[in-house]
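One-letter residues, chain by chain:
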Amino acid sequence: MRKIVIRFNAPVVLTFAFLSLLALVLGEFTGGATTSQFFCVYRASLADPCTYIRFFGHVLGHSSYAHYMGNMLLLLLVGPALEEKYGSRTLLWVITVTAVVTGLVQFIFFPGTALLGASGVVFMMIVLSSFTEMKKGGIPFTMILVVLFYLGGELADGLLNTDNVSQLTHIIGGVIGIIFGFSLRGRRR
């Protein structure tokens, strides 16, 4: 009989999920103090070193367990295949770029609100995953459908709904997924 071995198969994705859970637990334990200090981005003084941490850390923060689970289920579903295809270092780079770009957009253009959550990263991964079988010189039909359904839906929601969801972050994440999808096409780790 073969011995069953549990592998830490996607170190970047799994570490991201565990760090997000830790941020959530810390936020609950501190009454939201750590979340607002480190894990959400908002307009603050550039002299405050935490401002720069928040440009990266906001993707780890979540407002509730349901918010966390909604993002992590998709991240854990899509992320490991991307990490296997592109490698841990490349995926970490793309996640970092997504965090910084969405954080800067929030900081610059929306001074009266705060942003937290991994949904920009998740949308980037959803769109990037549609490129995994891209052949040179072609555009995958799956990518077209993802853009129409996910990003089109976010655009419509952004125009028609007034909720606490940052559809712009989803759209930016999707656009970053498209940019990296085309720039990484055909590349394997």
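Figured I'd write up the structure that's included with this text.

Conventions and cut-offs
- Counting from 1, residues in each chain are numbered in the order their sequence is written.
- Only residues with pLDDT of 70 or above have their local features reported here, since the model is predicted, and side-chain atom pairs are shown and tallied only from 80 upward, although totals for entire chains, interfaces and linings are computed over all residues.
- To obtain the side-chain values, all non-hydrogen atoms of the structure were included, while hydrogens and water were left out.
- Here an angle of 0 to 180 degrees is reported between the N-to-C directions of two axes, which are lines fitted to C-alpha atoms, with helices fitted over the stretch in contact.
- Strands are runs of DSSP state E lasting at least two residues, helices are runs of H or I lasting at least four, and both sets are numbered from the N terminus onward.
- Angles below 35 degrees are treated as roughly parallel, those above 145 as roughly antiparallel, those between 65 and 115 as roughly perpendicular, and all remaining angles as oblique.
- Crossing handedness is read from the near helix: turned anticlockwise from the far helix by less than a right angle, it gives a left-handed crossing, and turned clockwise, a right-handed one.
- Here, two residues are considered to be in contact whenever any of their heavy atoms come within 4.5 Å of each other.
- All amino acids are sorted into three groups, where Ala, Val, Leu, Ile, Met, Phe, Trp, Tyr, Cys and Pro are nonpolar, Asp, Glu, Lys and Arg are charged, and the leftover types, Gly among them, are polar.
- Relative accessibility thresholds used throughout: buried, under 20% of the residue-type maximum; exposed, over 50%; partly exposed, between the two (1.4 Å probe, protein chains only).
- Just to be clear on terms, a salt bridge is a Lys or Arg side-chain nitrogen sitting within 4 Å of an Asp or Glu carboxyl oxygen.
- In a helix, the anticipated span is given by 1.5 Å times the number of residues less one.
- Here the term patch refers to residues with relative accessible area over 30% and no salt bridge, with like charges joined within 9 Å and nonpolar side chains (Val, Leu, Ile, Met, Phe, Trp, Tyr) within 5 Å.
- Only the protein chains shown count as cover for residues, and all accessible areas are computed by the Shrake-Rupley method using a 1.4 Å probe.
- Ring geometry is summarised as follows: Phe, Tyr and Trp rings, the Trp one being its six-membered ring, pair when their centres sit within 6.5 Å, and such pairs are stacked at plane angles under 30 degrees, edge-to-face over 60 and tilted between the two.
- Charges are assigned to positions over rings by a cutoff of 6 Å between ring centre and Lys NZ or Arg CZ, combined with an angular limit of 35 degrees from the ring normal.
- For this analysis, a nonpolar core means a set of buried residues of the types Ala, Val, Leu, Ile, Met, Phe, Trp, Tyr and Cys, connected via side-chain atoms within 4.5 Å.

### Some points on the packing of helix α5 (residues 88-109) against helix α6 (residues 119-129)
Close contact between α5 and α6 brings their axes to 9 Å; oriented N to C, the two are set at 130°. Here α5 is positioned oblique relative to α6, judged by the angle of their axes. For the element pair α5 and α6, the recorded crossing hand is right-handed. Each of Leu 91, Val 94, Ile 95 and Thr 98 in α5 lies in contact with α6, whose residues at this interface are Gly 120, Val 121, Met 124 and Met 125. Looking at the contact of α5 with α6 residue by residue, the class counts come to six nonpolar, two polar and no charged.

### A short note on α6
Taken across its eleven residues, α6 has ten buried, putting it largely inside the fold. Where α6 is concerned, the buried positions are Ser 119, Gly 120, Val 121, Val 122, Phe 123, Met 124, Met 125, Ile 126, Val 127 and Leu 128.

### A word on the pattern of salt bridges
For side chains of opposite charge, pairing can occur when their charged atoms come near one another. Tallied over the full model, the rule gives one salt bridge. The closest approach of N and O atoms between Asp 48 and Arg 54, which form a salt bridge, is 3.4 Å. Judged by relative accessible area, which is 1%, Arg 54 ranks as buried.

### Section: helix α8 (residues 167-184)
Here α8 spans 25 Å end to end across 18 residues, near enough to the 26 Å set by a 1.5 Å rise per residue. Of all the positions in α8, only Gln 167, Thr 169, His 170, Ile 171, Ile 172, Gly 173, Gly 174, Ile 176, Gly 177, Phe 180, Gly 181 and Leu 184 are classed as buried.

### A word on a nonpolar patch on the surface
A cluster of nonpolar side chains, contributed by Leu 104, Ile 108, Phe 109, Phe 110 and Leu 168, occupies part of the molecular surface with about 450 Å² of accessible area. If you trace the backbone, Phe 110 turns up in the loop between α5 and α6. Among the residues examined, Phe 110 registers a relative accessible area of 35% and is labelled partly exposed.

### A few points about the packing of helix α4 (residues 65-86) against α5
Where α4 meets α5, the closest approach of the two axes is 6 Å, and the angle between their N-to-C directions is 120°. In terms of axis orientation, α4 runs oblique to α5. Where α4 abuts α5, its residues Gly 79, Leu 82, Glu 83 and Tyr 86 lie against Ser 88, Thr 90 and Leu 91. Taken together, the residues of the contact of α4 with α5 sort by class into three nonpolar, three polar and one charged.

### A few points about the packing of aromatic side chains
In this description, a pair of aromatic rings is defined by centroid distance and the angle of the planes. As enumerated under the stated definition, the model contains four aromatic pairs in all. When the centroid spacing of 6.1 Å and the interplanar angle of 75° are considered together, the rings of Tyr 52 and Phe 55 count as edge-to-face. In this pair, Tyr 52 and Phe 55 both sit in helix α3 (residues 49-57), three residues apart, roughly one turn of the helix. For Tyr 52, a relative accessible area of 41% translates into the label partly exposed. Under the relative-accessibility criterion, Phe 55 is labelled buried at 8%. Taken together through their ring pairs, the aromatic side chains of Tyr 52, Phe 55 and Phe 107 make up a single cluster. Over the face of the ring belonging to Phe 107 we find Arg 43, whose NZ or CZ atom lies 5.5 Å from the ring centre.

### Notes on the nonpolar core
With 37 residues, the main nonpolar core has Phe 16, Leu 75, Ile 95, Met 124 and Met 125 as its most contacted residues. Looking at this core, the elements with two or more residues in it are α1 (11-29), α4, α5, α6, α7 (141-160) and α8. The biggest single contributor to this core is α6, with seven residues. If we skip the residues at most four places from it in the chain, Met 125 touches Val 13, Leu 75, Val 78, Gly 79, Leu 82, Leu 91 and Ile 95.

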